[in-house]
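Secondary and tertiary structure notes
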Amino acid sequence: MANRIQLQPSGHDFESKEGENILESALEHGVAFPYGCQNGFCGACKAKVVSGDYEYQDEYKPQPLTEDELADGMVICCKAEAKSDLTVAVEVVKGAEEIKVHNMPTKVVKIEKLADDVVRLYLKTPEDESMQFLAGQYIEILMEDKRRAFSIANAPHNNEEIELHIRLVEGGYFTPHVFNEMTEKEILRIEGPLGGFYLREDSRNDIVMIAGGTGFAPIKGIIEHAIELGKKNMIHLYWGVRGQKDIYLRELAEQWVAEHENIKFVPVLSNADEGWEGRSGYVHEAVFEDFYDLSGRDVYVAGPPVMVNACREACTKRKLPEKRFYSDSFEIAGATEGK
Ligand SMILES: Cc1cc2nc3c(=O)[nH]c(=O)nc-3n(C[C@H](O)[C@H](O)[C@H](O)COP(=O)(O)OP(=O)(O)OC[C@H]3O[C@@H](n4cnc5c(N)ncnc54)[C@H](O)[C@@H]3O)c2cc1C
Ligand code: FES
């Protein structure tokens, strides 16, 4: 039997199925419930029970809680299952600054080629450590004396693995290794989550999302999160690539459109192949043509720095307030290293 869980003061209200702990149910419903280890060790998921019953799973003893916290009715949510409708008090995560940055080893569990120059990697965190993140944030892969940034392409409700979309930079230090040598089971040390590129959940404005190449990765995470939250804001997704083969997850974007009437998808080719009947040119020009006035909208842009800058300029000309332009500029790390 399922119970309902309510959070105070945020007002979130969601179902918790039998066998699920409170944290699992919250994350599954896209709620940014605070957590760390997901294993009952760190105490990051503690909350205060306002009303209702719960039981700990697997004979767990809540060792992170002090005597005072126990007396105060605190509960460790990653180990507690609701046994009736339950109300708990907890401050949900609202911004990136509230999330702990981890440095941890991860294991490559799957490598999938999405296009000639794009690979999708899935990384698994250690059994006793997991990483809370906001949709759209990024991680850094740490090597002996270098680090490389890649955006998280999955949404927080689907946090079993970390999904990355990696574009090959010819002559680069890290990405040629991914394409030519990497095998499953390789260990990669990462730091994250990082960055302030994430969905502003409280906004009711229509949204324009602009991705350039693998800039689709964080945008994918944000759109999947918005869908999970049941957001009804109009989302206009523009994806700028060179040719048709570079729209590497086109079916997924088309599926969003087919299943959600508030999502529109416009691929834009800068080097249109013969027979292409869709939009062509630069992606910022397409947005400039389609929107005369962006003053009541939110714009999210991710991709190469030139594209991000061109979008900023185009959006400013279309009256978008600077504070509602959210961007993630994919700088090439090696271009400035050692200078
Ligand atoms: C916040 C953030 C998020 C990112 N997310 C992603 C992501 O999700 N997916 C993704 O594919 N990339 C992403 N990037 C970009 C990625 O981090 C870089 O492409 C990375 O530097 C590649 O590493 P590398 O070691 O292979 O190449 P590097 O060793 O860093 O580069 C090698 C050399 O290639 C040259 N070079 C090659 N191509 C270019 C170019 N187009 N522009 C400028 N110089 C070039 C540079 O001069 C450099 O010296 C992100 C970057 C940032 C900052
Ligand atoms: S997340 Fe660490 S104790 Fe629950």
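Residues numbered from 1 in each chain as written. Chains lettered and ligands numbered in written order. Predicted model: local features only at pLDDT ≥ 70, side-chain atom pairs only at ≥ 80, totals over all residues.

For the protein, the helix and strand inventory stands at 7 helices and 19 strands. Against the 2.2 N^0.38 benchmark of 20 Å for 339 residues, the protein shows a C-alpha radius of gyration of 21 Å, consistent with a compact globule. Principal-axis analysis of the C-alpha atoms places the extent of the protein at approximately 65 × 45 × 35 Å. When contacts within the protein are restricted to residue pairs at least 6 apart in sequence, those whose partners lie at least 24 apart make up 70%. (Helix = DSSP H or I, 4+ residues; strand = E, 2+ residues; numbered from the N terminus. Rg over C-alpha atoms; globule rule 2.2 N^0.38 Å. Contact = placed C-beta atoms within 7 Å.)

With that settled, the discussion passes to the pairing of strand β16 (residues 263-269). Across the 7 residues that make up β16, a large majority, 5, are buried. Relative to β16, strand β15 (residues 235-241) is paired through 7 bridges, and the arrangement is parallel. Looking at the pairing, G240 lines up with V268 of β16. In this fold, β15 hands off to helix α5 (residues 250-259), which returns the chain to β16; that crossover is right-handed. For β16 and strand β17 (residues 279-280), the ladder comprises 2 bridges, and the chain directions are parallel. When the sheet's bridge partners are listed, L269 is paired in β17 with S280. (Buried ≥ 20, exposed ≤ 12 C-beta atoms within 10 Å, placed from the backbone. Pairing = 2+ DSSP bridges. Right-handed = clockwise from strand over helix to strand, strands pointing away.)

Note that soluble globular proteins tend to have their nonpolar side chains buried in a common cluster. Ranked by internal contacts, the top residues of the largest apolar core, which has 86 residues, are F33, C77, M209, I210 and L237. Every residue in contact with I210, bar those within four places of it in the chain, is listed here: Y238, V283, V287, V299, V301 and C311. (Core = buried A, V, L, I, M, F, W, Y, C linked by C-beta atoms within 7 Å.)

The next subject is the pairing of strand β2 (residues 13-16). The pairing of strand β1 (residues 3-8) with β2 spans 4 bridges and is antiparallel. Within the sheet, the bridge partner assigned to I5 lies in β2 and is F14. Where β1 hands over to β2, the hairpin turn is made up of 4 residues, of which G11 adopts a positive phi near 85°.

What the 6 strands build is an open sheet, ordered β17-β16-β15-β14-β18-β19; its pairing is parallel. Each of the sheet's edge strands pairs with one partner strand only, and the pair in question is β17 and β19 (325-329). Strand direction decides the pairing type here: strand β14 (residues 206-212) and strand β18 (residues 297-303), joined by 6 bridges, are parallel. Note on β18: the bridge partner recorded for I207 is D298. Along the sheet face, α5 touches β15 and β16 and points at about 150° away from the line of β16. (Axes fitted to C-alpha atoms, helices over the stretch in contact; angles between N-to-C directions.)

Let us look at the packing of helix α6 (residues 283-290) against helix α7 (residues 305-317). Remark: α6 packs on α7, axes separated minimally by 9 Å, with the N-to-C direction vectors making an angle of 15°. By the angle between their axes, α6 is roughly parallel relative to α7. Relative to α7, α6 is oriented so that their crossing is right-handed. Contacts between α6 and α7 involve V283, H284, V287 and F288 from the former and M307, A310, C311 and A314 from the latter. Each residue belonging to the contact of α6 with α7 can be placed in one class, and the counts come to 7 nonpolar, 1 polar and no charged. (Parallel < 35°, antiparallel > 145°, perpendicular 65-115°, else oblique. Left-handed = near helix turned anticlockwise from the far one by under 90°. Nonpolar A, V, L, I, M, F, W, Y, C, P; charged D, E, K, R; others polar.)

The antiparallel open sheet is built from 6 strands, whose spatial order is β11-β10-β13-β8-β9-β12. Each of the sheet's edge strands pairs with one partner strand only, and the pair in question is β11 (147-151) and β12 (162-167). Strand after strand, the sheet turns through a mean of 40° between neighbouring axes, direction not considered. Direction of pairing for strand β10 (residues 138-142) relative to strand β13 (residues 187-194): antiparallel, over a ladder of 4 bridges. By the bridge assignment for β13, I141 is matched with I190. This element, helix α4 (residues 216-229), spans β10, β11 and β12 of the sheet and lies at about 150° to β12.

This next bit is on the environment of A217. Position of A217 among the secondary structure elements: in helix α4. Taking the number of C-beta atoms within 10 Å as the measure of exposure, A217 has 28 and is therefore buried. With 200 residues separating them along the chain, A217 and K17 place their C-alpha atoms 31 Å apart. Setting aside chain neighbours within four positions, we find A217 in contact with S151, A153, L164 and H165.

What follows concerns α4. Taking 1.5 Å per residue, 14 residues should reach 20 Å; α4 reaches 20 Å between its end C-alpha atoms and fits that length. Burial analysis of α4 places 11 of its 14 residues in the buried class, which makes it a mostly covered element. Those residues of α4 that sit buried are F216, A217, P218, I219, K220, G221, I222, I223, E224, H225 and A226. (Expected span 1.5 Å × (residues − 1).)

Here we take up unusual backbone geometry. Put simply, Q8 and P9 share a cis peptide bond, and its omega is 0°. Note that P9 resides in the loop between β1 and β2. Going from G192 to P193, the amide bond is cis rather than trans, its omega being 5°. Within the fold, P193 resides in strand β13. Residues other than glycine seldom take positive phi values, yet E59 does so here, at roughly 55°. Within the element layout of this structure, E59 appears in the loop between β4 (54-56) and α2 (67-71). With a phi close to 70°, K319 is a non-glycine residue in the positive phi region.

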